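# A closer look at the structure
So you can see what is in the structure, the chains are spelled out below.
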Amino acid sequence: MDLGLSELGVRDWSVIIATIAGPILAVQAQKWLERLRERRNRKLWVFQQLMATRASRLSNDHVQALNMIDLVFYGTHFFGIHRRTKGETSVVEAWHEYHDHLGNKFDDSTFAIWNTKGDELFINLLFAIATDVHFKFDRVQLKKGSYSPIAHGNLEHEQNLIRKSVLKLLAGQSALKMEVTSFPMNEDVANAQATLQKAMSEAFAGRGALNVIVKGDGAGS
């Protein structure tokens, strides 16, 4: 005797629903895990780039990683609602504070203070990112654990000086110093000029004579 739909028990319905929904839920769970893995990989990329270039903050890789922070740590959208974890919020706030500092102007007298403050804010940013991606670094390690050859530091400093000097020169704020020590001169020409000057001096002083040739126009009688 066949059983009607109304005669199926709760257990039977549970088995049917699980059989139908199981593969669908498994696929959705797999997609969710893949999205989480992709988000973490993007965060790790930013952290790795900043760690690798923390001693050369003018490099293109360093600047590119900084500019990706707002996107990578933006958070998620769920049914139109923007959600951001506590760790992501800390990273974004630390980045905005550091970004605001980078936009502050400085001169030669205030550069040391500006640079020290920038180092502090940058380390705060690195620490926030490390915490979000579950890496255990303390601030001292982040600050003093980098390595940069002295030659690289000197080169970067010299490049900055050259850039500033060129900008001041183009803006008319400084002048290009020139010192002329001698002019190139042909020895024969110099001797001939000296002989001519001597002859003219003697002629004007009455100790010599000037030979003057007067040419007519050819129409004389």
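Our structure is the block above this text.
Thresholds applied
Residues numbered from 1 in each chain as written. Predicted model: local features only at pLDDT ≥ 70, side-chain atom pairs only at ≥ 80, totals over all residues. Heavy atoms only, no water. Helix = DSSP H or I, 4+ residues; strand = E, 2+ residues; numbered from the N terminus. Buried < 20%, exposed > 50% of the residue type's maximum accessible area, 1.4 Å probe, protein only. Contact = heavy atoms within 4.5 Å. Salt bridge = Lys/Arg side-chain N within 4 Å of Asp/Glu carboxyl O. Core = buried A, V, L, I, M, F, W, Y, C linked by side-chain atoms within 4.5 Å. 1 Å grid on protein atoms, 1.4 Å probe; cavity = no way out; pocket = protein on both sides within 12 Å on 5 of 7 lines; lining within 4 Å. Points joined across faces, edges and corners; volume = space filled by probe spheres on them. Nonpolar A, V, L, I, M, F, W, Y, C, P; charged D, E, K, R; others polar.

To continue, consider the overall build of the protein. Per the secondary structure count, the protein includes eight helices and two strands. The secondary structure elements of the protein, listed N-terminal to C-terminal, are α-α-α-β-β-α-α-α-α-α. Taken across its 221 residues, the protein has 17% of its residues classed as buried. Considering only residue pairs separated by 6 or more positions, the protein has 54% of its internal contacts joining residues 24 or more positions apart.

Within this structure, the stated rule accounts for five salt bridges. The closest approach of N and O atoms between Glu-38 and Arg-42, which form a salt bridge, is 3.2 Å. Of this pair, Glu-38 and Arg-42 both sit in helix 1 (residues 10–52), separated by four residues, roughly a single helical turn. We classify Glu-38 as partly exposed; its relative accessible area is 44%. For Arg-42, a relative accessible area of 34% corresponds to the partly exposed category.

Among the secondary structure elements, Arg-40 is positioned in helix 1. Residue Arg-40 is classed as partly exposed on the basis of its relative accessible area, which comes to 35%. Linking Arg-40 and Phe-73, residues 33 residues apart in sequence, is a C-alpha distance of 9.7 Å. Apart from the residues lying within four places of it in its own chain, the contact partners of Arg-40 are Val-133, His-134 and Phe-135.

Across soluble globular proteins, nonpolar side chains show a tendency to be buried alongside one another. Counting 25 residues, the largest nonpolar core has Leu-50, Ile-69, Phe-73, Leu-125 and Ile-129 as its most contacted members. At eight residues, helix 5 (residues 111–132) tops the list of elements feeding residues into this core. Discounting residues that sit within four places of it in the chain, Leu-125 has contacts with Leu-66, Ile-69, Val-91, Ala-94, Trp-95 and Tyr-98.

Mapped onto the elements of the fold, Lys-117 is located in helix 5. The spatial distance from the C-alpha of Lys-117 to the C-alpha of Tyr-98 is 9.1 Å, given a sequence separation of 19 residues.

Here the focus is the environment of Ser-90. Position of Ser-90 relative to the elements: it lies in helix 4 (residues 86–102). Looking at Ser-90, the relative accessible area reads 34%, which means it is partly exposed.

Take a probe with the size of a water molecule and roll it over the atoms, and the empty space left behind shows itself. Volume-wise, the second largest pocket comes out at about 690 Å³. Around the second largest pocket, the lining is made up of 24 residues, and of these Leu-36, Arg-39, Thr-76, Thr-85 and Glu-88 lie nearest the centre. Elements represented by at least two residues in the lining of the second largest pocket include exactly helix 1, helix 3 (69–72), strand 1 (76–78), helix 4 and helix 5. The element that contributes the greatest number of residues to the lining of the second largest pocket is helix 1, accounting for eight residues. Among the residues making up the lining of the second largest pocket, the classes are represented as seven nonpolar, seven polar and ten charged.

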